[in-house]
Amino acid sequence: MSGGGGTITTRPMQDADLPGVIALLERTLGPAPGGVPRADLFTWKHLRGPFGRSVASVAEMEGEIVGLRSFLRWGFVADGDPIRAVRAVDTATSPAVQRRGLFSRLTAEGLEVCRDEGIAFVFNTPNDKSLPGYLKMGWHVVSVWPMRLKVRRPDRLLLAGLKRDLRSGAGVSAPEGSSLLPADSPEADAAFETASSWRVPTGRLHTVRTAAYLRWRYAGGPLAYHVMVADEAVVVLRLRARGDLREAVVCEAFAAPGAARSLGGMLARIPREAGADHAVAHVGPGWSAADLLSGAGYRRMPRGGMTFTVRSLSGAIPDPLRASSWSLTLGDLEVF
């Protein structure tokens, strides 16, 4: 591939490419989500994932990394049957080589690797800017998953809305005296071990929530998560700035059989315990919290949601292109 400054070659990413990849991501995408070091986030996500190293390709021109396409390996299960998938994340192209079809080329090469490995499908949550490109490459919009909102400080939410600056910011700490535990604490680790054995949705695609996955996802990386534990119920939260607001993101909510009341009470207390102005959640059918959010004060937001897309590769049962095949949480959907 040549023109516009030189010949571009593409190949699988190697460990030695990491400094060049991080430099490209920082140059093209800016700060990492949550304000954490991008090298730490990339290494945790793509090199230490519980489902294996990511499928990642780079483009090189005159010794410089000018393109990246990565697919984060992910494990789903439905009725006990494991299903291998990948999530399309972390893509970047240097401005010097844009409009040369590099994004499409790297994507096609990555998809071919995934197909050869027997991976069933690719999923992601593209924004409005990137969605058209994915649709052109064969992705399908499965659903716009609705979000639920519990407001603690409506005056502050109204004022922030009038300012129209609700962009996500860095993570924030739990307030002093809160019952929230750091996700990397021994108590949280024990909770992950216990929660991994509780009821999961049947007949729908959901993430393989082993203790190892929960530790990696919420305790093993640079992003800060918190855990609430009480009476055989566990909630995992991410606290972050949203403009001038403080937001609690409900990533996971588990309960042992018979502990629904305890979990519902925890969900209701989240904004106060987190010192947050509001909390947001999405819980798919079949999870313990799915029928508890309304009673805990979470109302469906009339607008917005997470656009969820899938590119089928080798097929899977249930059909990943049907919204009824899925049961996801914000821990599956949030961008990290």
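What comes next is a walk through the structure. (Residues numbered from 1 in each chain as written. Predicted model: local features only at pLDDT ≥ 70, side-chain atom pairs only at ≥ 80, totals over all residues. Heavy atoms only, no water.)

1. Section: the nonpolar core
Then comes step 1: Membership of the largest hydrophobic core comes to 74 residues, with the highest contact counts inside it found for Phe76, Phe121, Val235, Leu267, Ile270 and Trp326.
Then comes step 2: If one sorts the elements of this core by residue count, strand E13 (residues 245–255) sits on top with 7 residues.
Then comes step 3: Once residues within four sequence positions are removed from consideration, Val235 is found in contact with His226, Val227, Met228, Val250, Glu252, Ala253, Leu263, Met266, Leu267 and Ile270. (Core = buried A, V, L, I, M, F, W, Y, C linked by side-chain atoms within 4.5 Å. Buried < 20%, exposed > 50% of the residue type's maximum accessible area, 1.4 Å probe, protein only. Helix = DSSP H or I, 4+ residues; strand = E, 2+ residues; numbered from the N terminus. Contact = heavy atoms within 4.5 Å.)

2. Points about the pattern of salt bridges
Then comes step 1: For the structure on display, the rule yields 20 salt bridges.
Then comes step 2: Its salt-bridge partner being Glu247, residue Arg242 comes within 3.4 Å of it at the nearest N-O pair.
Then comes step 3: For Glu247, a relative accessible area of 3% translates into the label buried.
Then comes step 4: Several salt bridges converge on common partners, so that one network encompasses Arg11, Asp17 and Glu60. (Salt bridge = Lys/Arg side-chain N within 4 Å of Asp/Glu carboxyl O.)

3. A short note on the packing of helix H6 (residues 186–195) against helix H7 (residues 211–218)
Each pair of packed helices can be described by the angle between their axes along with the distance between the axes.
Then comes step 1: Closest axis-to-axis distance for the H6/H7 pair is 8 Å, and the angle between their directions is 140°. When the axis of H6 is compared with that of H7, the two are oblique. Like other packed secondary-structure pairs, H6 and H7 cross with a definite hand, here right-handed. Contact with H6, carried on its side by Asp189, Phe192 and Glu193, involves Ala211, Leu214, Arg215 and Tyr218 of H7 and no other residues of that element.
Then comes step 2: A breakdown of the residues in the contact of H6 with H7 according to their chemical character gives 4 nonpolar, no polar and 3 charged. (Axes fitted to C-alpha atoms, helices over the stretch in contact; angles between N-to-C directions. Parallel < 35°, antiparallel > 145°, perpendicular 65-115°, else oblique. Left-handed = near helix turned anticlockwise from the far one by under 90°. Nonpolar A, V, L, I, M, F, W, Y, C, P; charged D, E, K, R; others polar.)

4. What about the packing of aromatic side chains?
Then comes step 1: Counted under the stated rule, the structure contains 20 aromatic pairs.
Then comes step 2: Here the aromatic rings of Phe76 and Trp326 are separated by 5.2 Å at their centres, their planes lie at 85°, and the arrangement is edge-to-face. Remark: Trp326 occurs in the loop between strand E16 (306–312) and helix H9 (330–333) and Phe76 occurs in strand E3 (residues 64–78); sequence separation between them is 250 residues.
Then comes step 3: When its relative accessible area of 1% is taken as the criterion, Trp326 is described as buried.
Then comes step 4: Ring centres of Phe308 and Trp326 lie 4.9 Å apart, and the angle between their planes is 75°; this geometry places the pair in the edge-to-face category. Here the residue Phe308 occupies a position in strand E16, and Trp326 occupies one in the loop between E16 and H9, the gap between them amounting to 18 residues.
Then comes step 5: One residue, Arg217, lies across the ring of Phe336, its end atom 4.0 Å from the ring centre. (Phe/Tyr/Trp six-rings, centres within 6.5 Å; stacked < 30°, edge-to-face > 60°. Lys NZ or Arg CZ within 6 Å of the ring centre and 35° of its normal.)

Read these as layout, nothing more, since geometry by itself doesn't imply function.
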